[in-house]
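# Structure assessment
The chain contents come next:
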Protein chains: 2
Amino acid sequence: MPLLYIRISRLYDKIIMYNYPMNLLKILKDNGYRITESRKLICDLLEKNIHFHFSAKELTLLINKKSEINIDQTTIYRTLDALEELGLLQHSHIPHKPAIYYLNNTDQNVHLICESCDKIVDISEQSVKSINSILKQNSNFNTINNNFVYIGKCKECL
Amino acid sequence: MPLLYIRISRLYDKIIMYNYPMNLLKILKDNGYRITESRKLICDLLEKNIHFHFSAKELTLLINKKSEINIDQTTIYRTLDALEELGLLQHSHIPHKPAIYYLNNTDQNVHLICESCDKIVDISEQSVKSINSILKQNSNFNTINNNFVYIGKCKECL
DNA sequence: ATCAGTGCAAATGGTTTGCAGCATC
DNA sequence: GATGCTGCAAACCATTTGCACTGAT
């Protein structure tokens, strides 16, 4: 079933909205994580595709295609976990599909993904603010963050 | 990771917003599905808990506790699929948890679920309309439906 | 030298599928 | 009587875990 998912990090307070360029490796290092060859490759790919949405599998394939080294999917998951733990990354679940991971960055934190053509349309920050404010006003929830992924169908595919 | 998920049914055009009382069995029958003992029990439970959110496992346990018959989880999944196919039901995925299923009904189609205490807070229909209109205005997506589940943390748990 | 990170294999857990028997229409 | 529905077992697939080894600090 095509759905619409929004994700709020459990580590809401920690979430960091970066403006490009991000320096993921430096942040990992500054937080006591070790810099390894795998992490260099993963962070490099993420930084070069700052607006992309990858599944763990896609990431693994992309990285292993570009490099000589063969990085295991487990390692990818563990590095993604580390980045998420630091609030640099988030992931969302799409029914019948693997989770997609994406960076937290100021410019493009709301995405509408077309379930037919995979096109990604971004929502303006202004609109996100409006939505958040509606949600806050109407509930006693205050951990509404503005990193959303909506899945629907774009006009062209209808 | 605490997240916020929104789900749009793939069968958007088919989605039926019912006012209580719903007659799930009748709709199944009218659409060529057979009425069986399992389906009676499942539909009965759903109709008696019209605002609840169940995982497939919870549903199975609840039904088997109340009846003499032992209904297999597979049967639950298949009946849920049938109801979803008819636009009577939807499901959403919460990270690290099984999917939750809930009925489509007019009154309470937006839910904020607290990840700590499982409290469910409802959002007014008015607000849902505002959010939908913001999303539509800012994109070329037009299958934004108003059956949402947001997962966050309520004020009391913060 | 320590201890975090890695790869591999195996486990996990939710969901789906195949199939023979049963129940509904 | 035909065929949809069921239960059981097995398959599936994304993700997680255990563990011995390797590499970063």
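A quick note: this is a predicted structure, and the numbers were derived from the prediction, not measured.

### Here we look at the protein's contact with DNA strand D
- Of all residues adjacent to DNA strand D, which total 19 residues, the nearest are Arg-34 and Tyr-77 of chain A together with Arg-39, Thr-75 and Arg-78 of chain B.
- At the protein interface, 67% of the atoms of DNA strand D within 4 Å belong to sugar or phosphate.
- One nitrogen or oxygen atom from the side chain of Thr-36 of chain B is found 2.8 Å from a phosphate oxygen belonging to DNA strand D.
- The set of elements that each furnish at least two residues to the surface near DNA strand D consists of α4 (73-85) of chain A together with α2 (37-48) and α4 (73-85) of chain B.
- Its residues assigned to classes, the surface near DNA strand D shows six nonpolar, seven polar and six charged.

### Notes on the pattern of salt bridges
Residue and element names in this part refer to chain B.
- Counting across every chain of the model gives six salt bridges over all chains.
- Between Lys-26 and Asp-30 there is a salt bridge, with the nearest N and O atoms lying 2.7 Å from each other. With a gap of four residues between them, Lys-26 and Asp-30 both fall in helix α1 (residues 24-30), about one helical turn apart.
- Of the residues examined, Asp-30 reaches a relative accessible area of 52% and is grouped as exposed.
- Taking the shortest distance from any N to any O, the salt bridge between Lys-48 and Asp-44 comes out at 3.1 Å.

### What about the protein's contact with DNA strand C?
- Close to DNA strand C lie 19 residues; Thr-36, Arg-39 and Thr-75 of chain A together with Arg-34 and Tyr-77 of chain B are nearest.
- A share of 68% is what sugar and phosphate atoms reach among the atoms of DNA strand C within 4 Å of the protein.
- One of the side-chain nitrogen or oxygen atoms of Arg-34 of chain A is found 3.2 Å away from a base oxygen of DNA strand C.
- Within the side chain of Ser-38 of chain A, an N or O atom sits 3.2 Å from a phosphate oxygen of DNA strand C.
- Looking at the surface near DNA strand C, the elements that each hand over two or more residues are α2 (37-48) and α4 of chain A together with α4 of chain B.

Criteria and thresholds
Residues numbered from 1 in each chain as written. Chains lettered and ligands numbered in written order. Predicted model: local features only at pLDDT ≥ 70, side-chain atom pairs only at ≥ 80, totals over all residues. Heavy atoms only, no water. Near = heavy atom within 4 Å. Polar contact = N/O pair within 3.5 Å; in protein donor to acceptor, adjacent residues only side chain to side chain. Helix = DSSP H or I, 4+ residues; strand = E, 2+ residues; numbered from the N terminus. Nonpolar A, V, L, I, M, F, W, Y, C, P; charged D, E, K, R; others polar. Salt bridge = Lys/Arg side-chain N within 4 Å of Asp/Glu carboxyl O. Buried < 20%, exposed > 50% of the residue type's maximum accessible area, 1.4 Å probe, protein only.

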